[in-house]
Amino acid sequence: MTVILRHLIKKNLLKPFLAARRAASSVTTSQPNAKTPHYIDFVDNWPSNERETILNDFLVITDFVSEAEETAIIEEIDPYMKRLKYEFDHWDDAIHGFRETERKHWYPHNRKIIEKISELAFKGEIMPHIHILDLAENGVIKPHVDSSRYCGTTIAGLSLLSDSVMRLVRTDETKYLQTKDGNNTDEYRTLPKSMENAFYADILLKRRSLYIMRDTSRYNFTHEILGNEHGFFKGEKVTKTRRISVICRNNP
């Protein structure tokens, strides 16, 4: 057992993961309303197998870092981020009101957090450059499906400074499914033309939480960060302020 794994068990950080797995195993056709993790709100009629897939492939760990650890990360990256201007034109129109960078080298105390994410979500194998995305209070991430050309099966994102709501919408699998040999469409950041048969889930990303999105949740669902006019979770308003996400990926 690794030192990091012992630390996670000691701090009870694996409890949400185990709860999600137990919830997933209990979802059957005869139990459409089986208990789900507190951070997921399934909307519309979800087939039981799709619910089970999401519960296996999407995990949120609340309070993954402490307030002091969050402050330490922000203190490291903010001097550079504040020199950048927020942009409202992205190359594929997926993000509005953002600034971003990549970081390979971290202060030792922050490197420990990156290593903890790497061990938990990727078994220690991540791309060396960590993506940092700074989303303004009025910024949004539009619905899109990530391409496997730029990263592998898993993304892990640490949400800092603000709560937010992520929405997953089921897409046309035949159009968006991405295979290991790279046969994926150029329209991977486009919403389906017809949403008639789509169903979706809203996911509450609390400040200082870590989300892990892998496999089917990466490829067969669009994901987005809702703007404040649509930022509700289970009927409660979630106001997003400035949000920084520290995003780790594995190799394509």
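Data block above holds the structure.
Residues numbered from 1 in each chain as written. Predicted model: local features only at pLDDT ≥ 70, side-chain atom pairs only at ≥ 80, totals over all residues. Heavy atoms only, no water.

J.: Can you tell me about the packing of aromatic side chains, naming the residues and giving the values?
T.: The final tally for this structure, using the stated rule, is four aromatic pairs. With centroids separated by 4.8 Å and ring planes inclined at 70 degrees, the aromatic side chains of Phe-42 and Trp-46 adopt a geometry described as edge-to-face. What links up through ring pairs into an aromatic cluster is the set Phe-42, Trp-46, Phe-199 and Phe-221. Here the guanidinium or amino end of Arg-99 rests over the ring plane of Tyr-86, the centre of that ring lying 4.0 Å away. (Phe/Tyr/Trp six-rings, centres within 6.5 Å; stacked < 30°, edge-to-face > 60°. Lys NZ or Arg CZ within 6 Å of the ring centre and 35° of its normal.)

J.: For the pattern of salt bridges, give the residues involved together with the corresponding values.
T.: Any two side chains of opposite charge can pair if their charged atoms end up close together. All chains considered together, the criterion is met by ten salt bridges. The partner of Glu-70 in a salt bridge is Arg-208, with the nearest N and O atoms 3.5 Å apart. In this pair, Glu-70 sits in helix H4 (residues 67-81) while Arg-208 sits in the loop between strand S7 (200-205) and strand S8 (210-214), placing the two residues 138 residues apart along the sequence. Accessibility classification places Glu-70 together with Arg-208 in one group, the buried group. The partner of Arg-242 in a salt bridge is Asp-78, with the nearest N and O atoms 2.7 Å apart. On the criterion of sequence distance, the pair formed by Arg-242 in the loop between strand S11 (236-237) and strand S12 (243-249) and Asp-78 in helix H4 is long-range, its members being 164 residues apart. Each of the two residues, Arg-242 as well as Asp-78, counts as buried. It is possible to trace a salt-bridge network through shared partners that takes in Asp-78, Lys-82, Arg-99, Asp-134 and Arg-242. (Salt bridge = Lys/Arg side-chain N within 4 Å of Asp/Glu carboxyl O. Helix = DSSP H or I, 4+ residues; strand = E, 2+ residues; numbered from the N terminus. Buried < 20%, exposed > 50% of the residue type's maximum accessible area, 1.4 Å probe, protein only.)

J.: Could you give an account of the pairing of strand S5 (residues 154-160), with specific residues and numbers?
T.: In terms of residue burial, S5 counts as a mostly covered element, since seven of its seven residues are buried. Across five bridges, the pairing between S5 and S8 is antiparallel. In the sheet register, Gly-157 faces S8, and the bridge partner there is Tyr-211. Bridge count for S5 against S12 is six bridges, and the pairing is antiparallel. Bridging across to S12, Leu-160 finds its partner in Ile-244. (Pairing = 2+ DSSP bridges.)

J.: Requested: an account of the side chain of Arg-170, with residues and values cited.
T.: Of note, Arg-170 is situated in strand S6 (residues 164-170). Arg-170 sits in the buried class, given a relative accessible area of 10%. Here the side chain of Arg-170 touches Glu-50 through a polar contact of 3.1 Å, side chain to side chain. There is a polar contact of 3.4 Å between the side chain of Arg-170 and the backbone oxygen of Asn-220. (Polar contact = N/O pair within 3.5 Å; in protein donor to acceptor, adjacent residues only side chain to side chain.)

J.: Tell me about the pairing of S12, residues and numbers included.
T.: Looking down a regular strand, the side chains alternate between one sheet face and the other. Counting buried positions over the seven residues of S12 gives six, a clear majority of the element. Taken together, the five bridges between strand S4 (residues 130-144) and S12 define a ladder with antiparallel strand orientation. By the bridge assignment for S12, His-131 is matched with Ile-247.

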